[in-house]
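One-letter residues, chain by chain:
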Amino acid sequence: APALSQVADADELEIDADWDISRKISELFIDRGWSDGLPIALPTEERVQAMLDAVGLKGDEVLGVLPPRGGQATAKKVAVCAVLSGCNPVEFPIIAAAVYAISLTPYHLLTVLSTAHPQSPFIMVNGPMGKEAGLSSGHDLTARGWKANLTIARAVRLVCITMAGVKGLVANHT
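Residues numbered from 1 in each chain as written. Predicted model: local features only at pLDDT ≥ 70, side-chain atom pairs only at ≥ 80, totals over all residues. Heavy atoms only, no water.

**With respect to the pairing of strand β3 (residues 62–66)**
Turning to step 1, where the next piece is worked out: Both β3 and strand β4 (residues 71–74) contribute to a ladder of four bridges, which runs antiparallel. From the neighbouring strand, Val 65 faces β4, where its bridge partner is Gln 72.
Turning to step 2, where the next piece is worked out: As consecutive antiparallel partners, β3 and β4 are separated by four residues, and within that stretch Gly 70 has a phi angle of approximately 75 degrees, a positive value. (Pairing = 2+ DSSP bridges. Helix = DSSP H or I, 4+ residues; strand = E, 2+ residues; numbered from the N terminus.)

And the structure:
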C-alpha cells in the first residue's frame, strides 16, 4: 500500500505512521495545493478543538463566505489552518476575527486576491489581545522572526488558499 492514500471520505486521509510522518504529511499538503509550500504542524483533533475552545465556537459555525470561489470558512476549517500554520490557541481569536473581517463586502477580498499585484490581507490588532498573543508592536510591526505575527498571517493566507480559491486564480481566468 502506498504511504499516502486518499480514502473514501474526502475529509480523511490514510497515512502509514513512521518516524517520517510529519515530512510525508507536509509533502502531501504541498502536492495537493493545500499549503503555502512551508512545513506544517499536524492538525490533530485535540489541537483543532483547543483552537475552537479558545473562541467558544462550534466547528460548523460559518465565519464568512470567501470570494472568489465562495468557500465557506467554518470555524473548524479555519482552526485547521491555524494549527497547520503553527498557531497557539491564544492567537486563534485574532485569526477568527480577521477571517470574519475579510469576508465582509467592504473589504473587497475578491479584488485583493485576484489582482496581479502582490497583495494579501493586512491584519492590525489593537489592545490587550495582541499582547496576550505575543504580537510584535511598537516601532517594528513586522518584526522578522516574531512567531505570533508570522503564524497568524500564515493562517489567514492558508484560509485564502484553501477556502477562497486563491491558488490557480490567474491561470483559471486567462
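Now that the structure has been shown, the text picks up again.
**A few points about the environment of Thr 151**
Turning to step 1, where the next piece is worked out: With respect to the helices and strands, the residue Thr 151 is situated in helix α7 (residues 147–164).
Turning to step 2, where the next piece is worked out: As a C-alpha pair, Thr 151 and Val 83 span 68 residues in sequence and 9.2 Å in three-dimensional space.
Turning to step 3, where the next piece is worked out: Beyond its immediate stretch of four places on either side in the chain, Thr 151 contacts Ser 85, Gly 86, Cys 87 and Glu 91.
Turning to step 4, where the next piece is worked out: Here the side chain of Thr 151 touches Glu 91 through a polar contact of 3.2 Å, side chain to side chain. (Contact = heavy atoms within 4.5 Å. Polar contact = N/O pair within 3.5 Å; in protein donor to acceptor, adjacent residues only side chain to side chain.)

**Regarding unusual backbone geometry**
Leave glycine aside and you will find that most residues have negative phi; peptide bonds, for their part, are mostly trans.
Turning to step 1, where the next piece is worked out: Looking along the chain, the bond that leaves Pro 67 and enters Pro 68 is cis, with omega of 10 degrees.
Turning to step 2, where the next piece is worked out: If you trace the backbone, Pro 68 turns up in the loop between β3 and β4.
Turning to step 3, where the next piece is worked out: Although it is not a glycine, His 108 adopts a positive phi angle of roughly 60 degrees.
Turning to step 4, where the next piece is worked out: Checked against the element boundaries, His 108 lands in the loop between α4 (92–103) and α5 (109–114).

**Concerning the nonpolar core**
Turning to step 1, where the next piece is worked out: Ranked by internal contacts, the top residues of the largest apolar core, which has 38 residues, are Leu 66, Val 78, Phe 92 and Ile 95.
Turning to step 2, where the next piece is worked out: Looking at this core, the elements with two or more residues in it are α1 (21–31), α2 (45–55), β3, α3 (75–85), α4, α5 and α7. (Core = buried A, V, L, I, M, F, W, Y, C linked by side-chain atoms within 4.5 Å. Buried < 20%, exposed > 50% of the residue type's maximum accessible area, 1.4 Å probe, protein only.)

**A word on the environment of Leu 63**
Turning to step 1, where the next piece is worked out: Along the polypeptide, Leu 63 turns up in strand β3.
Turning to step 2, where the next piece is worked out: Leu 63 sits in the buried class, given a relative accessible area of 13%.
Turning to step 3, where the next piece is worked out: Put simply, Leu 63 and Ser 103 are 40 residues apart on the chain and 7.9 Å apart in space, counted from C-alpha to C-alpha.
Turning to step 4, where the next piece is worked out: Setting aside residues up to four positions removed in sequence, Leu 63 forms contacts with Leu 57, Ala 73, Thr 74, Ala 75, Val 78, Ala 96, Val 99, Tyr 100 and Ser 103.

**Focus: the packing of α3 against α4**
Turning to step 1, where the next piece is worked out: Between α3 and α4, the shortest axis-to-axis distance is 10 Å and the interhelical angle comes to 125 degrees. As the angle between them shows, α3 and α4 are arranged oblique. In terms of crossing hand, the pair formed by α3 and α4 is right-handed. Listed contacts from α4 to Ala 75, Val 78, Ala 79 and Ala 82 of α3 are Phe 92, Ile 95 and Val 99.
Turning to step 2, where the next piece is worked out: For the contact of α3 with α4, a count of residues per class yields seven nonpolar, no polar and no charged. (Axes fitted to C-alpha atoms, helices over the stretch in contact; angles between N-to-C directions. Parallel < 35°, antiparallel > 145°, perpendicular 65-115°, else oblique. Left-handed = near helix turned anticlockwise from the far one by under 90°. Nonpolar A, V, L, I, M, F, W, Y, C, P; charged D, E, K, R; others polar.)

**Quick notes on the pattern of salt bridges**
Turning to step 1, where the next piece is worked out: This structure, assessed with the given rule, holds one salt bridge.
Turning to step 2, where the next piece is worked out: Residue Lys 147 pairs with Glu 91 through a salt bridge whose shortest N-O separation is 3.5 Å. Within this pair, whereas Lys 147 is found in helix α7, its partner Glu 91 is found in the loop between α3 and α4, the two being separated by 56 residues in sequence.
Turning to step 3, where the next piece is worked out: Taking the relative accessible area as the measure of exposure, Lys 147 reaches 37% and is therefore partly exposed. (Salt bridge = Lys/Arg side-chain N within 4 Å of Asp/Glu carboxyl O.)

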